[in-house]
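# Overview (structure and organization)
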Amino acid sequence: MAEGIHAEELAKEHKAVSVAEFFEKNRHLLGFGSRRQALITCVKEAVDNSLDACEEVRTLPDILVEIRKVEGREDRFLVCIEDNGPGIVKRNLSKAFGKLLYGSKFHGNKQGRGQQGIGITSCVLYSQLTTGKSSLIISKTDKNEPAHFIKLILDTKNNEPHIVEEGGDKSFNHRGTRVELEIEAEFLATGKQSIHEYLKRTSIVNPHARLMFITPETEKILFQRSTEKLPELAKRIKPHPAGLELGTLMKMLRDTTKKTPTSFMRTEFSSIGAKTAQEILAKAKLSDRTKPNMLNRDHAEALLKAMQNVAIQAPPLDCLSPIGEDALLKSIKSEITAEFYTTVTRKPTAYRGMPFQIEVGLAYGGDLPRDKKANVMRVANKVPLVYEDYACAITQAIKKTDWKRYGIEVPGGFPKGPLIVIVHMCSVWVPFTSEGKQAIAGYPEVIKEMRLGIMEAARKMNVYLRRKFKMRQEQERVNTFVKYAPEIANALSELTGEDEKRIQNVINSLLVDKYGEQAIRREG
């Protein structure tokens with residue numbers, strides 16, 4: 001009896017927890033582990049939304065990022081992000097910014113910066129947790145209609161937006177959206193974890209965007225676009241059987257309205273036609289007369305096994321939108337001063353049935369520091385990754401590359417020298433290690449493709465370095481000839497009785513014919 005009472009008392013403590021309440025206590029999972037990280041996260045999430053929105057309506061992005069000091073508080077800043085995108089309709093405005101897991105991207109199955117519908121709402125949540133203030137959102141969808149603004153906070157118990165104030169805004173006179181968040185943060189003027197560096201990297205991997213950064217000291221820094229061409233818009237695709245799991249298949253079978261397994265497979269999956277569907281059914285020993293939602297667990301398991309043992313075409317690749325070799329190369333050159341540049345875009349492939357593509361950029365020499373580790377820029381779906389590099393597949397791929405064979409020092413297992421390595425993974429579903437989206441999980445297929453991309457770019461760099469070394473050896477040989485040419489001319493003059501000046505001119509002419517006038521002048 002006593003045990004029953006005890007269990008009943010315990011049962012009274014059981015209650016559901018909303019996703020907002022969970023992240024309220026675990027904000028580090030979303031990228032708010034420190035004040036410094038929180039500032040980058042807020043800028044990142046807002047800029048990601050702006051870039052995605054502009055690209056969807058085929059508009060070249062013009063994005064303003066402004067960080068203002070809050071008077072009397074060294075640890076507080078007002079973060080303002082403004083874009084020229086399509087805006088957000090009034091009825092969706094509060095939920096887009098005030099409800100976690102709300103959005104259009106989770107089921108999209110196409111490449112995009114956001115995936116879960118968490119990002120910008122988590123920034124609103126962080127703002128109210130650290131300052132107790134509401135966030136301001138202004139949006140205008142039509143040049144002939146006034147902008148609408150809301151001030152909101154997040155009702156964490158119910159995961160719903162609570163509008164504190166709303167109305168029209170006549171001062172916001174262009175189509176687009178503006179977000180203002182006051183947060184506790186730490187601002188760095190320079191360095192890898194600074195907003196300046198983050199926006200510079202964002203500009204490099206989004207060459208079609210123009211970013212204006214206004215610092216807390218009101219300095220304006222413009223990252224100009226290096227191309228007027230928008231990237232190809234990624235298309236939505238259906239799931240591919242290669243990455244399917246049993247529980248997911250069972251759910252799809254329960255939810256489908258299709259009448260036969262053949263029609264179910266042809267309409268719910270990519271790369272399955274009528275002939276392939278019949279082959280799958282034959283291997284699974286299932287009848288096409290059975291309704292899909294009547295198949296039990298054993299039937300579903302047989303169907304899944306058959307799907308994964310039948311040769312099925314790879315998933316379509318128009319769901320990806322890479323930066324492109326030429327655009328990335330031009331962008332790197334516009335932001336980084338070096339002596340050698342190269343870019344590589346690998347052919348698309350897949351992991352667990354998820355299409356992905358790897359791009360690599362290298363910059364070497366010039367003004368880059370020679371006594372430090374190589375500078376690595378990790379990028380996923382055109383978004384720079386700043387934190388958790390130790391846990392990222394890109395770091396693993398770089399460490400597993402034999403840089404010595406390409407002429408680069410590797411003290412302590414990591415490349416050193418005047419080198420920048422950019423690795424970009426684009427995919428319909430980047431396998432991040434956590435909700436904070438700062439590191440890519442180390443799937444073998446992903447690491448292999450990254451290494452192959454790095455090695456291809458490194459081979460091009462090595463050709464340049466070998467050529468440079470050979471030219472330096474030749475120049476040293478020229479220098480030796482030029483240095484001793486007067487003495488040789490004098491000795492020959494004494495031996496032959498010929499005019500010394502004429503002999504000197506003949507020697508110079510031979511050197512020019514062999515090595516070029518520029519090499520002779522360089523020594524002189």
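My aim in this report is to walk through the structure given alongside it, one point at a time. (Residues numbered from 1 in each chain as written. Predicted model: local features only at pLDDT ≥ 70, side-chain atom pairs only at ≥ 80, totals over all residues. Heavy atoms only, no water.)

### Overview of the pattern of salt bridges
Inspection of the entire model under this criterion finds 29 salt bridges. Here Glu-66 ties to Arg-68 by a salt bridge, and the two come within 3.1 Å at their closest N and O atoms. When its relative accessible area of 33% is taken as the criterion, Arg-68 is described as partly exposed. Residues Lys-69 and Glu-217 are paired through a salt bridge, measuring 3.3 Å at the closest nitrogen-oxygen approach. A residue pair is termed long-range when its members are at least 10 positions apart, and Lys-69 in strand β1 (residues 62-70) and Glu-217 in the loop between β7 (210-214) and β8 (220-223) qualify at 148 residues. Within this structure, Arg-35, Arg-73, Asp-75 and Glu-184 form a network of salt bridges that share partners. (Salt bridge = Lys/Arg side-chain N within 4 Å of Asp/Glu carboxyl O. Buried < 20%, exposed > 50% of the residue type's maximum accessible area, 1.4 Å probe, protein only. Helix = DSSP H or I, 4+ residues; strand = E, 2+ residues; numbered from the N terminus.)

### A short note on the sheet that holds strand β2 (residues 73-82)
Spatial ordering of the open sheet is given by β5-β4-β3-β6-β2-β1-β7-β8, a layout of eight strands whose pairing is mixed. Each of the sheet's edge strands pairs with one partner strand only, and the pair in question is β5 (160-169) and β8. In this sheet, neighbouring strand axes are inclined to one another by 15° on average, regardless of whether the strands run parallel or antiparallel. As judged from the nine bridges shared by strand β4 (residues 147-155) and β5, these two strands associate in the antiparallel manner. The residue bridging Asp-155 from the neighbouring strand is Glu-160, located in β5. Running at roughly 175° to β7, helix α6 (residues 195-205) makes contact with β1, β7 and β8 of the sheet. (Pairing = 2+ DSSP bridges. Axes fitted to C-alpha atoms, helices over the stretch in contact; angles between N-to-C directions. Contact = heavy atoms within 4.5 Å.)

### So, the packing of aromatic side chains
Counted according to the given criterion, the structure contains five aromatic pairs. Between the aromatic rings of Phe-340 and Tyr-464, the centroid separation amounts to 4.9 Å while the plane-to-plane angle is 20°, which identifies the pairing as stacked. On the criterion of sequence distance, the pair formed by Phe-340 in strand β9 (residues 340-345) and Tyr-464 in helix α13 (residues 444-496) is long-range, its members being 124 residues apart. The pair Phe-340 / Tyr-464 is uniform in exposure class, with both members buried. Members of the aromatic cluster, connected to one another through ring pairs, are Tyr-351, Phe-356 and Tyr-443. A cation over a ring is seen here: Lys-373 above Phe-414, with NZ or CZ 5.6 Å from the ring centre. (Phe/Tyr/Trp six-rings, centres within 6.5 Å; stacked < 30°, edge-to-face > 60°. Lys NZ or Arg CZ within 6 Å of the ring centre and 35° of its normal.)

### Section: the pairing of strand β3 (residues 135-140)
By the criterion of burial, β3 is predominantly enclosed, with six of the six residues buried. Going residue by residue along β3, you find Ser-135, Ile-137 and Ser-139 tucked away on one face and Leu-136, Ile-138 and Lys-140 tucked away on the opposite face as well. Across five bridges, the pairing between β3 and β4 is antiparallel. Looking across to β4, one finds that Ser-139 is bridged to His-148. With antiparallel pairing between neighbouring strands as the criterion, β3 and β4 make up a hairpin whose turn holds six residues. One ladder, built from five bridges, connects β3 with strand β6 (residues 176-184); its direction is antiparallel. Within β6, the position partnered with Ser-139 by the bridge is Thr-177.

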